[in-house]
Amino acid sequence: VMPADSHKEISYPVFKIGSSQELKLGNVVYLLGSPGLIGINVRLGTISALNKHFDMEALSVLLGEIDKWVQGLTIGLSLSVVGGDSGSPVVALRDGKPELVGLLNMSVMNFSTMLSLDEIIEKIKEASGIDLRLQNKVNLKKMKNKGGPK
């Protein structure tokens, strides 16, 4: 257990929102984890399974960790995951520029998954009416006009 005063805010770079639907098996991705809140730790991996609806209840019972993981469309990753990485951004490159494509969900027996960014965005839009893709375009344009990331 970490001491209460050990919390450290981690600032991630701003990325264009990509589409996890465009990913293919073998695509290279980067996990921007923050194990133990020591700062951003970048790890390289590949897409190893696409658009899977895993039986999370069966997995949870098998491992004795009922209701630990987020339900939904998941994408398999082959990369190393450590404690503190859950919910971390997963980024892919398009034309040499990074795009956010998912959020790390879980890792079981050397198999990791991320939540589909497209599904996350759709669920947020259904619940709040906010379209994160439009908001991301506005924010990136403002940053570009101020001389920020291109």
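None of the values given here were measured: they were computed from a predicted structure.

Draft legend 1. Looking closely at the pattern of salt bridges. A full pass over the atoms with the stated rule returns seven salt bridges. Of the charged contacts in the structure, one is a salt bridge between Lys 16 and Glu 99, with a shortest N-O distance of 3.8 Å. One end of the pair, Lys 16, is in strand E1 (residues 16-17); the other, Glu 99, is in strand E6 (residues 97-108), and 83 residues separate them in sequence. By relative accessible area, which is 44% here, Lys 16 ends up partly exposed. Arg 94 is the salt-bridge partner of Glu 22, the closest N and O atoms lying 2.3 Å from each other. Taken together, the residues span a long stretch of sequence, with Glu 22 in the loop between E1 and strand E2 (28-33) and Arg 94 in strand E5 (residues 89-94) at a distance of 72 residues. Classification of Glu 22 by relative accessible area gives partly exposed; the value is 44%. Its relative accessible area of 33% is what places Arg 94 among the partly exposed residues. Connected through shared salt-bridge partners, Lys 16, Glu 22, Arg 94 and Glu 99 make up one network.

The rules we used
- Residues numbered from 1 in each chain as written.
- Predicted model: local features only at pLDDT ≥ 70, side-chain atom pairs only at ≥ 80, totals over all residues.
- Heavy atoms only, no water.
- Salt bridge = Lys/Arg side-chain N within 4 Å of Asp/Glu carboxyl O.
- Helix = DSSP H or I, 4+ residues; strand = E, 2+ residues; numbered from the N terminus.
- Buried < 20%, exposed > 50% of the residue type's maximum accessible area, 1.4 Å probe, protein only.

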